[in-house]
Number of protein chains: 2
Amino acid sequence: MRGPARFSLAGSAGIGAAALADLLGHWPAADGPLYRLLATRIVRLADTGELPAGLRLPPERDLAAALSLSRNTVAAAYQLLRDEGMAESRQGAGTRIVPHRTTPAAVHRANGFFAGLLETSVVDADLTLAVVDCAPQVAAALADPAAVVGGIREVTGTSGYFPLGLPALREAIAGHLTDRLGLPADPAQVIVTTGGQQAVDLLIRCEVLPGQPVAVEDPTFPGVLDALHRSGARVIGMPAGAGLDPERLEHVVRTHRPAMVYLIPTHHNPTGLVMPAGHRRRVARLAAAHPDTLFVDDMTLTELPLGDTPPPAPLAALAPRQPNLVSAGSLSKVYWGGLRTGWIRASAGLIARMAAAKAAADLGSPAFPQAVIAALLNDQHDGILKWRREWLRARHDALTGALRAALPEWTWPEPDGGLTLWVRLPGAGDSGAFAQAALRHGVAVVPGRLLSVSSGGAGSGGAGQRSEHLRLAFTQAPDVLARSALALAQAGPGAGSRARG
Amino acid sequence: MRGPARFSLAGSAGIGAAALADLLGHWPAADGPLYRLLATRIVRLADTGELPAGLRLPPERDLAAALSLSRNTVAAAYQLLRDEGMAESRQGAGTRIVPHRTTPAAVHRANGFFAGLLETSVVDADLTLAVVDCAPQVAAALADPAAVVGGIREVTGTSGYFPLGLPALREAIAGHLTDRLGLPADPAQVIVTTGGQQAVDLLIRCEVLPGQPVAVEDPTFPGVLDALHRSGARVIGMPAGAGLDPERLEHVVRTHRPAMVYLIPTHHNPTGLVMPAGHRRRVARLAAAHPDTLFVDDMTLTELPLGDTPPPAPLAALAPRQPNLVSAGSLSKVYWGGLRTGWIRASAGLIARMAAAKAAADLGSPAFPQAVIAALLNDQHDGILKWRREWLRARHDALTGALRAALPEWTWPEPDGGLTLWVRLPGAGDSGAFAQAALRHGVAVVPGRLLSVSSGGAGSGGAGQRSEHLRLAFTQAPDVLARSALALAQAGPGAGSRARG
């Protein structure tokens, strides 16, 4: 078994140019000379432990290429770091972050994807995060809970500790799955989590040991990659840019016998594609044949079709009693991300293990909002969903229309649903370099590498996988999306490849 | 480095009688013959993976002693398990749980302490969990947030994702620490967590590697033991039943160089004692001399003194810029546990690492309640605190008065604050057996072993440490506490030792 990546020693490791570019995030979006902004950002990453002491920075030439900057700018930034005692260069050993107090655990892989959540964005348009406005029905219920919740005192009259979730919400979720999504569920088969991210993280913490293989689609939701890399799992990517080939999945399961297979069969993130019904039946048969592999169906985007055709039933609906077929989901994309309300639907035994793990992690999510959300799920779901789908289609149409006009060479698989486009740059463009150029035109986008299993991170020493793809979220207002397409065209569809020439 | 306990193989392990008694929890609190109730409960634990496949059950004689039952009852329960195909016995190999589908990760230590949160309690009085009623000001604000929060739309108008916490709440917590608790804090030094449990769990996940030593007071808060055992840390207990000896702490830090030292210096859980000011200065000096050890001051109970003397300042107040002196806390015991609002105060660099870990764990706690809590902290804290202290003193006085009358031989250190008594049974009584007897009289109490580092768990094979101590929470209504003391007297102060004779 391979040791988890986060245990690697800082002193012997370097970081690739592409990985450092990811960590840098939105660094040029401030006033001042570029070399100073770059140095300041590197200092901050060193201060927070994301660039651990002793780490070797990439060669100036490589970082300049990854950031579409001149080599002189990078050289000046490194010189400033040395002047301020944050870095040192030795003959033949490159430039290293100077040791300061840090802990071994800080030397984990930091993929930088969620760094955007951690700081105030100063870009004009952030197309990196697929986050939605709060639905008006949800905002109204939060502001006046007494209008939607019958027995408020029945909640505040309890201890407030519900590791499994408030009983009323477990019941509402079970009913929602059974009645609306075609997935039979009993409340005993449901645990409430702090968003879909915690659903995935708890499943990994409980069911995957460090070094065990876990198979995911490549590209996939970056949150699951972050949780997997922190857990020390060995992640196996299965190409899915045009949909997952079930032959490939069967081969990976037979060959690697993974502890977990994580799939987004309905409105896949980032492609928006739907796994056909026939493929789903093959996955269910595979689960029956491999009881020691947990198959996770992430249903977070299931209720967001862009057309009028309802998607096929979730995987677990094909074998509701198969204990290794697990469903997870969230209300973050239909209601509001600020609710942080997710769920797992599994066998009662697995749910009990999750609840013990959740008790150790946080003793349960906040109790009161769960009563509000249960009421919304029971009484207002159809109205919220109708509102959200109109909201979503307007945005999808605005972005795709503007892109077709401004960047006719860009292509993407037509999404069946979800919140994102998976765009391919023309002419073998490097999406990492393009994302840097786009930032300087005020638009933040996600280079495909960050959604890919083989992305290089701190300590990996590699340059990371080069990707021709971008993920664009169409969750900003339609006029912002239209403006962003023009700005992206100014950044140049082949900017990445040009800067490297 | 020793491997973490949860990786031990189920097939080779047994569970001690005391550890199984812990896992069984409230099993006799239902109708029916005891042997059937016992077998049913064991089946359920096997089904949920808490008793993993292949695990050897304790000898009938040992389990009978731990549960204060006749050996015939245990023998009948084991026979029922065999009859139903859940267990098998082989000559000389004891009785084992029959293998069924489980995962390696399920073979973790399950200490059973929080099992009480996971099922509806049917006991008359539960004195196990130190959970408080919701303060009326808090209940009112939750029911009508518009009355306390000025800009509700400023919250629901955001993406809702705040891995560091809502800015308004980070600011309110920093002000609260600075102005009321004597601990200078900037909002950049604060992260909001889902209760104090997540504060502790995130610190462990980020700063402790599997196999690294962590030192805690013994007894201590069981939630930290649960999180530590799941992390694979090597836990070192320091006797603290009558207060922690600073010599002992210094010796442990010098000898073991732990990654973390977790302390509850103010109104220690379970003893309620306060670490004197002179000892605190020694801890601060120790932290300065050992920069690679993180010293965590859990301040969750700080604002709950039983007398009128304010406690000494928190540890970090003695050296506010010492980066390895970290404070954590929660509003769960002053406001309401259902808020699930905790915090960490640390250097800005460590806070940034925690935020990255929290993003991977759950992308942030629910956003909306944080605005309500910020308003309460800013505007209503003093009123809530006054109400809570009166609430608490009435309960402390009710329990201690009733215990002195009904059980004059019981002794406990007079608590300076907090929510619990650390009671010593007379005549070398076994608190594990006594807790079982008490359950049959309708009162649930915590045997001291569950708050102790050396408690045996599934897979440990040992019988667990015998303890003469009980933890009694005085958070139920005063009349319930008075009734409970009478029921405990009926269970017999020396019931444990009698059953063993």
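Every value quoted in this text rests on a predicted model; they were computed, and no experiment measured them.

Visitor: Help me understand the sheet that holds strand 13 (residues 446-447) of chain B in this model?
Guide: Two pairing modes exist for strands in a sheet, parallel and antiparallel, and in both the strands are linked by backbone hydrogen bonds. Residue and element names in this part refer to chain B. The three strands lie next to each other as 11-14-13, forming an open sheet whose pairing is antiparallel. Edge positions in the open sheet fall to strand 11 (420-424) and strand 13, since each of these has one partner strand only. As paired elements, strand 13 and strand 14 (residues 469-473) share two bridges and run antiparallel to each other. Across the sheet, residue Val446 finds its bridge partner in strand 14, namely Arg471. Running at roughly 15° to strand 11, helix 15 (residues 381-406) makes contact with strand 11 and strand 14 of the sheet.

Visitor: How should the pairing of strand 2 (residues 94-97) of chain A be read in this particular structure?
Guide: Regular strands place side chains that alternate from one sheet face to the opposite one. Residue and element names in this part refer to chain A. The pairing of strand 1 (residues 87-90) with strand 2 spans four bridges and is antiparallel. Bridge pairing in strand 2 places Glu88 opposite Arg96. Hairpin connection, strand 1 to strand 2: the antiparallel pair is bridged by three residues, and Gly92 has positive phi, about 75°.

Visitor: Is there a simple way to think about the relation of the copies chain A and chain B in this case?
Guide: You can overlay chain A on chain B at an RMSD of 0.1 Å; the transform is a turn of 180° with a shift of 0.0 Å along its axis. On the angle and the small slide along the axis, the relation comes out as a two-fold axis. Among all C-alpha atoms of chain A, that of Asp144(A) lies closest to the rotation axis, at 3.0 Å. Most of the interface of chain A is mirrored in chain B: 100% of its interface residues are interface residues there too.

Visitor: Where do I start with the packing of aromatic side chains in this structure?
Guide: Considering all chains together, one arrives at four aromatic pairs over all chains under this definition. Centre to centre, the rings of Trp410(B) and Phe434(B) are 5.6 Å apart; their planes meet at 80°, and the pair counts as edge-to-face. Remark: Phe434(B) occurs in helix 16 (residues 431-440) and Trp410(B) occurs in the loop between helix 15 and strand 11; sequence separation between them is 24 residues. This pair shows no difference in class: Trp410(B) is buried, exactly as Phe434(B) is. If you follow Arg388(A) out to its NZ or CZ, it ends over the ring of Trp391(A), 4.7 Å from the centre.

Visitor: Which parts of the structure should I look at to understand the nonpolar core?
Guide: One finds Trp410(A), Leu472(A), Trp410(B) and Leu472(B) to be the most contacted residues of the largest nonpolar core, which totals 189 residues. Formed by 35 residues, the second largest nonpolar core is a distinct cluster that contains Ala199(B), Met260(B), Leu294(B) and Ile344(B).

Visitor: What exactly am I supposed to notice about the pairing of strand 6 (residues 234-239) of chain B here?
Guide: All names here are of chain B. In this sheet, strand 6 lies alongside strand 5 (residues 213-218) in parallel orientation, the contact comprising six bridges. Residue pairing in the sheet places Glu217 in a bridge with Met238 of strand 6. Crossover handedness for the path strand 5 to helix 10 (residues 222-231) to strand 6: right-handed.

Visitor: Even after reading the chapter, I still don't get the sheet that holds strand 8 (residues 294-298) of chain A, so can you show me in this structure?
Guide: All names here are of chain A. Strand order in the open sheet made by the seven strands is 4-10-9-8-7-5-6, with mixed pairing throughout. Where the open sheet ends on each side, the last strands, each with one partner, are strand 4 (190-194) and strand 6 (234-239). On average, each strand axis in the sheet is tilted by 20° relative to the strand beside it, whichever way the strands run. With four bridges joining them, strand 8 and strand 9 (residues 325-330) adopt parallel strand pairing. Bridge pairing links Phe295 to Leu325 in strand 9.

Visitor: Sorry if this is basic, but what is going on with the interface of chain A and chain B here?
Guide: When the parts come together, some accessible area is lost, and that loss is often what is quoted as the size of the interface. Each side of the interface is counted separately: chain A has 75 residues, and chain B has 75 residues. At the boundary of chain A with chain B, total buried surface from both sides reaches about 6,200 Å², with 62% on carbon and sulfur atoms. Its salt-bridge partner being Asp201(B), residue Arg205(A) comes within 3.0 Å of it at the nearest N-O pair. The interface formed by chain A and chain B holds 20 residue pairs in polar contact (both at pLDDT 80 or more) in total. Listing elements by their share of the side of chain A that touches chain B, those giving two or more residues are helix 5 (115-118), helix 6 (136-143), helix 7 (152-156), helix 9 (195-207), helix 10 (222-231), helix 13 (348-361) and helix 14 (368-379) of chain A. Broken down by element, the side of chain A that touches chain B gets its largest block of residues, nine residues, from helix 13 of chain A.

Parameters and conventions
Residues numbered from 1 in each chain as written. Chains lettered and ligands numbered in written order. Predicted model: local features only at pLDDT ≥ 70, side-chain atom pairs only at ≥ 80, totals over all residues. Heavy atoms only, no water. Pairing = 2+ DSSP bridges. Helix = DSSP H or I, 4+ residues; strand = E, 2+ residues; numbered from the N terminus. Contact = heavy atoms within 4.5 Å. Axes fitted to C-alpha atoms, helices over the stretch in contact; angles between N-to-C directions. Least-squares fit on C-alpha atoms with pLDDT ≥ 70 in both. Phe/Tyr/Trp six-rings, centres within 6.5 Å; stacked < 30°, edge-to-face > 60°. Buried < 20%, exposed > 50% of the residue type's maximum accessible area, 1.4 Å probe, protein only. Lys NZ or Arg CZ within 6 Å of the ring centre and 35° of its normal. Core = buried A, V, L, I, M, F, W, Y, C linked by side-chain atoms within 4.5 Å. Right-handed = clockwise from strand over helix to strand, strands pointing away. Buried area = accessible area lost by both parts, 1.4 Å probe. Salt bridge = Lys/Arg side-chain N within 4 Å of Asp/Glu carboxyl O. Polar contact = N/O pair within 3.5 Å; in protein donor to acceptor, adjacent residues only side chain to side chain.

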